[in-house]
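# Fold and contact review
So the chains spell out like this:
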Amino acid sequence: MQVTVLGMSPSWQDAGGACSGYLVEDGGDCVLLDCGSGVFSALRVHRDYVDVDAVVVSHMHGDHFLDLFPYACALTFAPRQQGEHPARPQLLLPPRATANVRAVADATSLPGVVEGAFRVREYDVTETLAIGDLRVRFQPVPHYIATNAIEVASGNGGVRFTYGADHRPTDVLRDFAARTDLLILEATLPEPERRGPRGHMTPAEAGAHAAGCDAARLVLTHISDELDRDWALAQARQAYDGPIEIARPGAVYTL
Ligand SMILES: [Zn+2]
Ligand SMILES: [Zn+2]
């Protein structure tokens, strides 16, 4: 299994970067986890967009889904998509999220563009999806809105990749991501939120989560280029003694 970071910025892009997007490839199967702003362009560097089997969205914050719109435009308007058998990847949205996609399509004066371009389905968080030989599972995590961590496992159960999406500190990943081969966790905050409900983690908290899961490898993501990366790594290393990196666009992890 190969995991490619297409974008790892928080809700505003790094210079030259993109928001959340992770391409998972295994054998002939290809799944895109999240499709935030800038991800469609990054996808095109690594893979032909008509060859993606499914896009799976963790939650409906714009930095995780807004590039579904240029992606849908490509699938709809590209000259090579005008034949009898245009590519129509699956789009797996969180429960009740089709309405969000519909509203943005309406607001951009392209009503129905996403639903026409993809085979759209809302997943059930309790189901295990089969996408080719890949198996995809979900774990609801606490964030400002309904959000799901996502696991992609090879069909033979040989390797597992776990993507935490966005969340505040939580115990629910401990079982879901136990002994995963690659754990990508957000490390958005320089320090815990001072006001209101929490929705994100610090690098130190991400490190503690990776240790609690006994993950084989930790990649910190959803972290702005305006934060000090060496500081973030040192913070995460306080609790976790496995290999740690900060995600960068184009990074490839082979499991
Ligand atoms: Zn986010
Ligand atoms: Zn979010």
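Residues numbered from 1 in each chain as written. Chains lettered and ligands numbered in written order. Predicted model: local features only at pLDDT ≥ 70, side-chain atom pairs only at ≥ 80, totals over all residues. Heavy atoms only, no water.

### A closer look at the environment of Ala165
In this fold, Ala165 is placed in the loop between strand S10 (160-163) and helix H6 (173-176). Spatially, the C-alpha atoms of Ala165 and Ala153 are 16 Å apart, while their sequence positions differ by 12 residues. Those residues in contact with Ala165 that lie beyond four places of it in its chain are Ser58, Thr147, Asn148 and Glu186. (Helix = DSSP H or I, 4+ residues; strand = E, 2+ residues; numbered from the N terminus. Contact = heavy atoms within 4.5 Å.)

### What about the coordination of the zinc ion (ligand 2)?
Within the protein, His59 (NE2), His61 (ND1), His143 (NE2) and Asp166 (OD) serve as the donor atoms for the zinc ion (ligand 2), at 2.1 to 2.4 Å. Coordination at the zinc ion (ligand 2) comes from four donor atoms whose angles at the metal span 92 to 162°, giving a geometry best classed as irregular. Taken in sequence order, the residues that donate to the zinc ion (ligand 2) follow the motif H-x1-H-x81-H-x22-D. A distance of 3.5 Å spans the gap from the zinc ion (ligand 2) to the zinc ion (ligand 1), which Asp166 bridges by coordinating each metal. In this pair, His59 sits in the loop between strand S4 (54-56) and helix H2 (62-65) while His143 sits in the loop between strand S8 (134-141) and strand S9 (147-153), placing the two residues 84 residues apart along the sequence. Taking relative accessible area as the criterion, His59 reaches 0% and is therefore assigned buried. (Donors = N, O, S within 2.8 Å, 3.2 Å for Na, K, Ca; no water. Tetrahedral: all angles 85-135°; square planar, octahedral: opposite > 155°, others 65-115°. Buried < 20%, exposed > 50% of the residue type's maximum accessible area, 1.4 Å probe, protein only.)

### A short note on the sheet that holds strand S14 (residues 252-254)
Sheet strands pair by backbone hydrogen bonding; their relative direction is either parallel or antiparallel. Spatially, S6-S5-S4-S3-S2-S1-S14 is the arrangement adopted by the seven strands of the open sheet, whose pairing is mixed. The open sheet has two edge strands with one neighbour each: strand S6 (119-122) and S14. Each strand axis lies, on average, 20° off the axis of its neighbour in the sheet, ignoring direction. Its contacts with the sheet put helix H1 (residues 39-46) on strand S1 (2-7), strand S2 (21-26) and strand S3 (29-33), and the angle it makes with S1 is roughly 140°. (Pairing = 2+ DSSP bridges. Axes fitted to C-alpha atoms, helices over the stretch in contact; angles between N-to-C directions.)

### A look at the coordination of the zinc ion (ligand 1)
At 2.1 to 2.2 Å from the zinc ion (ligand 1) lie its protein donor atoms, namely Asp63 (OD), His64 (NE2), Asp166 (OD) and His222 (NE2). Mapped onto the sequence, the residues coordinating the zinc ion (ligand 1) show the spacing D-H-x101-D-x55-H. Note on His64: relative accessible area 0%, which makes it buried.

### Thoughts on the packing of helix H7 (residues 203-213) against helix H8 (residues 229-237)
Running from amino to carboxyl end, H7 crosses H8 at an angle of 40°, the nearest separation of the two axes being 7 Å. By the angle between their directions, the pair H7 and H8 is classed as oblique. With respect to the hand of their crossing, H7 and H8 are arranged in right-handed fashion. Residues Pro203, Ala204 and Gly207 of H7 touch H8, and the partners they reach there are Trp231, Ala232, Gln235 and Ala236. (Parallel < 35°, antiparallel > 145°, perpendicular 65-115°, else oblique. Left-handed = near helix turned anticlockwise from the far one by under 90°.)

### Let's talk about the pattern of salt bridges
Under the counting rule described, the total for this entry stands at 11 salt bridges. Among the salt bridges present, the one from Glu115 reaches Arg102, with a minimum N-O distance of 2.7 Å. Residue Glu115 is located in helix H5 (residues 113-117), and its partner Arg102 is located in helix H4 (residues 98-107); the two are separated by 13 residues in the primary sequence. A relative accessible area of 42% means that Arg102 is categorised as partly exposed. The partner of Arg160 in a salt bridge is Glu151, and the shortest N-O contact between them spans 2.8 Å. Classification of Arg160 as buried rests on a relative accessible area of 18%. Beyond isolated ion pairs, a larger network of salt bridges with shared partners links Arg137, Glu151 and Arg160. (Salt bridge = Lys/Arg side-chain N within 4 Å of Asp/Glu carboxyl O.)

The values reported here are purely geometric and, on their own, carry no functional implication.
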